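Read off the chains here:
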Amino acid sequence: MPARRTRTALAIGAVALAAVTTAVAIGSGTASAASTLGASAAEHGRYFGTAIAAGRLNDGTYTTIAGREFNMVTPENEMKWDATEPSQGNFQYGSADQIVNFATSRGMRVRGHALAWHAQQPSWAQGMSGTALRNAMLNHITQVATHFRGKIHSWDVVNEAFADGGSGGRRDSNLQRTGNDWIEAAFRAARAADPNAKLCYNDYNTDNWNDAKTQGVYRMVQDFKSRGVPIDCVGLQSHFTGGSDYPSNYRTTLSSFAALGVDVQITELDIRNANATAYANTVRDCYAVPRCNGITVWGVRDSDSWRSNESPLLFDGSGNKKQAYNSVLSALNEGTPTSPQPTTPGPSNPPSSPPPGGSGCTASIVPGTVWGDRYNTTVNVSGSTNWIVTVSLTSPQRMSSSWGANFTWPDAYTATVRPNGSGNSFGFTTMFNGNSSARPSVTCRTS
Ligand code: 9MR
């Protein structure tokens, strides 16, 4: 990523004061303030994630922070083409599976990164072109998305396909030279292999609404939506490092993409010198856009960062929370907790009263793993495939993630769950938020 401009990062006194005030407020037990990034984001219907490197999973400080603070994980390198298909047709999932297991065993979800990209290709693919490369890419997508089918919240199907600079066009690459339709072909292959994952286009320097690159990606997404190419989300990497600053029109960028009918995710956030104001503004901008699903920071501690010389993350090299951490948590806790936005519309005319002669289905709860701050629940439904299950939580518990069905939230403590075609079983993670004894109740009716 090229440097665009540099600026001395500011440590503003007022921000320091705000961070101290926040710490005091949390310490004195403010009623609804969550104490971790993931729990707070979940209260506002979002996730808060981090990149994870398999090579660091034996570092206790790292795994403790990751497990405590985050509820979404992106493998930093382990799902890339060079890692998963080192020689053609020979698929290796060991490191990626390790990260997926780390996440799912802690009730965290996974963003898949990345199926098709001009960089980090295995050498055998770098040497290919034309139909052979196109077919190799499609087979790669099919195999990898099938291996992880059902375990991925969102896939970065295509990464960094647009050129930097003023053209607003595609980046030249071996994949681009297979034909301009390579991106839509990639999305169609991913949809066929894992129909329930959200499929994202992901890029950097697409944060400033005025940049030609942002406009180029916007036009592609607009075109895909108008032609029915299966795209569900746009990932803004948001590396505000290396000379790219947080732009004041960032909220416009997020809301403009969302207005096309896609979700927006902040996928690789890091900020030079961890500027606390820019971090808080990024959170506020995401909260201002209902379809901004969540934020992922690109690493846990500064020492884990690809740009460690810029100290761009929320924890220092020893694992201590930085001023930016307090600033982010405070921004995440701001405002009234809201209901998550449904990303899959439910039926427009749900039944207004239970059908005569009984509900037609039964929902039963299977308690799952319990951790210090959260627990999992599985629900099995029988008697009908046209079920609607209502899950009721007890305040202040809140759902932080869900899988296996479509969830909508009439209010923060109630989820309406409908089948998504993957079966009659679904699950979710609930944060205790101070109440570790309550458990959900479920009712079932048919649609
Ligand atoms: O953080 C990743 C670093 O460990 C790798 O060496 C690098 C190789 O390209 O990729 C880094 O992650 C990149 C991500 O996959 C895509 N967006 C830019 C990220 C930072 O370079």
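Whatever comes next refers back to the structure up there.
A brief structural summary. None of these values were measured; they are calculated from a predicted model. (Residues numbered from 1 in each chain as written. Predicted model: local features only at pLDDT ≥ 70, side-chain atom pairs only at ≥ 80, totals over all residues. Heavy atoms only, no water.)

**Focus on the overall build of the protein**
Then, number 1: Counting its secondary structure elements, the protein contains twelve helices and 17 strands.
Then, number 2: Within the protein, the proportion of its 447 residues that are buried is 56%.
Then, number 3: Partitioning the contacts of the protein with sequence separation of at least 6, the portion at a separation of at least 24 is 76%.
Then, number 4: Carbon together with sulfur atoms contributes 49% to the accessible area of the protein, which is approximately 16,900 Å² in total. (Helix = DSSP H or I, 4+ residues; strand = E, 2+ residues; numbered from the N terminus. Buried < 20%, exposed > 50% of the residue type's maximum accessible area, 1.4 Å probe, protein only. Contact = heavy atoms within 4.5 Å. Areas by Shrake-Rupley, 256 points an atom, 1.4 Å probe, with all protein chains shown as cover.)

**Concerning the packing of aromatic side chains**
Then, number 1: What the rule picks out here adds up to 17 aromatic pairs.
Then, number 2: Look at Y93 and F148: their rings are 5.4 Å apart centre to centre, the planes differ by 85 degrees, and that puts the pair in the edge-to-face class. With Y93 in the loop between α4 (81–84) and α5 (94–104) and F148 in the loop between α7 (130–147) and β4 (154–159), this pair connects stretches of sequence that are 55 residues apart. For the pair shown, Y93 and F148 are each scored as buried.
Then, number 3: When the centroid spacing of 5.6 Å and the interplanar angle of 25 degrees are considered together, the rings of W387 and F426 count as stacked. With a gap of 39 residues between them, W387 in strand β12 (residues 387–392) and F426 in strand β16 (residues 425–431) connect regions that are remote in the sequence.
Then, number 4: Note on F426: relative accessible area 2%, which makes it buried.
Then, number 5: The rings of F91, Y93, F148 and W155 are connected pair by pair, giving a single aromatic cluster. (Phe/Tyr/Trp six-rings, centres within 6.5 Å; stacked < 30°, edge-to-face > 60°.)

**Remarks on the site of the ligand**
Then, number 1: In the neighbourhood of the ligand, 13 residues make up the surrounding shell, with E76, K80, H113, E160 and E268 lying closest.
Then, number 2: The contact in question runs from an oxygen atom of the ligand to an N or O atom on the side chain of N77, over 2.9 Å.
Then, number 3: Relative to its free-state accessible area of 450 Å², the ligand is covered by the protein chains to the extent of 73%.
Then, number 4: Residues of the shell around the ligand, tallied by class, amount to three nonpolar, six polar and four charged. (Near = heavy atom within 4 Å. Polar contact = N/O pair within 3.5 Å; in protein donor to acceptor, adjacent residues only side chain to side chain. Nonpolar A, V, L, I, M, F, W, Y, C, P; charged D, E, K, R; others polar.)

**Quick notes on unusual backbone geometry**
Then, number 1: Omega for the peptide link from H113 to A114 comes to 0 degrees, which places this bond in the cis form.
Then, number 2: Structurally, A114 can be placed in strand β3 (residues 109–117).
Then, number 3: In the segment running from S395 into P396, the intervening peptide bond is cis, with an omega of 5 degrees.
Then, number 4: For P396, the location among the structural elements is in the loop between β12 and β13 (398–403).

**Remarks on the state of the cysteines**
Then, number 1: All chains considered together, the criterion is met by three disulfides.
Then, number 2: The disulfide bridge from C200 ends at C233, spanning 2.1 Å between sulfur atoms. Taking the torsion about the S-S bond as the criterion, the C200 to C233 disulfide, at about -90 degrees, is left-handed. With C200 in strand β5 (residues 198–203) and C233 in strand β6 (residues 233–236), the pair connects residues that are 33 residues apart, well separated along the chain.
Then, number 3: Relative accessible area serves as the criterion here: at 0%, C233 is assigned to the buried category.
Then, number 4: Note that C286 is cross-linked by a disulfide to C292, the S-S spacing being 2.1 Å. (Disulfide = S-S within 2.5 Å.)

**Overview of the packing of helix α8 (residues 182–193) against helix α9 (residues 212–227)**
Then, number 1: Two numbers describe how α8 lies on α9: the axes approach to 12 Å, and their chain directions differ by 55 degrees. By the angle between their directions, the pair α8 and α9 is classed as oblique. Classified by chirality, the crossing of α9 by α8 is right-handed. Residues I183, E184 and F187 of α8 lie in contact with α9, whose contacting residues are M220, F224 and R227.
Then, number 2: Broken down by class, the residue content of the contact of α8 with α9 amounts to four nonpolar, no polar and two charged. (Axes fitted to C-alpha atoms, helices over the stretch in contact; angles between N-to-C directions. Parallel < 35°, antiparallel > 145°, perpendicular 65-115°, else oblique. Left-handed = near helix turned anticlockwise from the far one by under 90°.)

**With respect to the pairing of strand β14 (residues 406–411)**
Then, number 1: Examined bridge by bridge, β14 and strand β15 (residues 414–418) share four bridges and lie antiparallel to one another. Its bridge partner lying in β15, N406 is registered against R418.
Then, number 2: Hairpin connection of β14 to β15: two residues between the antiparallel strands. (Pairing = 2+ DSSP bridges.)

**Some words on the sheet that holds strand β17 (residues 441–446)**
Then, number 1: Pairing is antiparallel in the open sheet, where four strands are placed in the order β14-β15-β12-β17. Sheet topology places β14 and β17 at the edges, where each strand pairs with a single neighbour. With direction set aside, neighbouring strand axes in the sheet form an average angle of 25 degrees.

**Re the side chain of T36**
Then, number 1: Tracing the sequence through the fold places T36 in the loop between α1 (13–27) and α2 (37–43).
Then, number 2: A distance of 3.3 Å separates a polar atom in the side chain of T36 from the backbone nitrogen of A39.
Then, number 3: Once residues within four sequence positions are removed from consideration, T36 is found in contact with R68, E69, Y325 and L329.

**Some thoughts on the sheet that holds β13**
In sheet architecture, strand pairing relies on hydrogen bonds along the backbone and comes in two forms, parallel and antiparallel.
Then, number 1: Spatial strand order, β10-β11-β16-β13: four strands in an open sheet with antiparallel pairing. Where the open sheet ends on each side, the last strands, each with one partner, are β10 (362–370) and β13. Adjacent strand axes in the sheet meet at a mean angle of 25 degrees when their direction is disregarded.
Then, number 2: Relative to strand β11 (residues 374–382), β10 is paired through seven bridges, and the arrangement is antiparallel.

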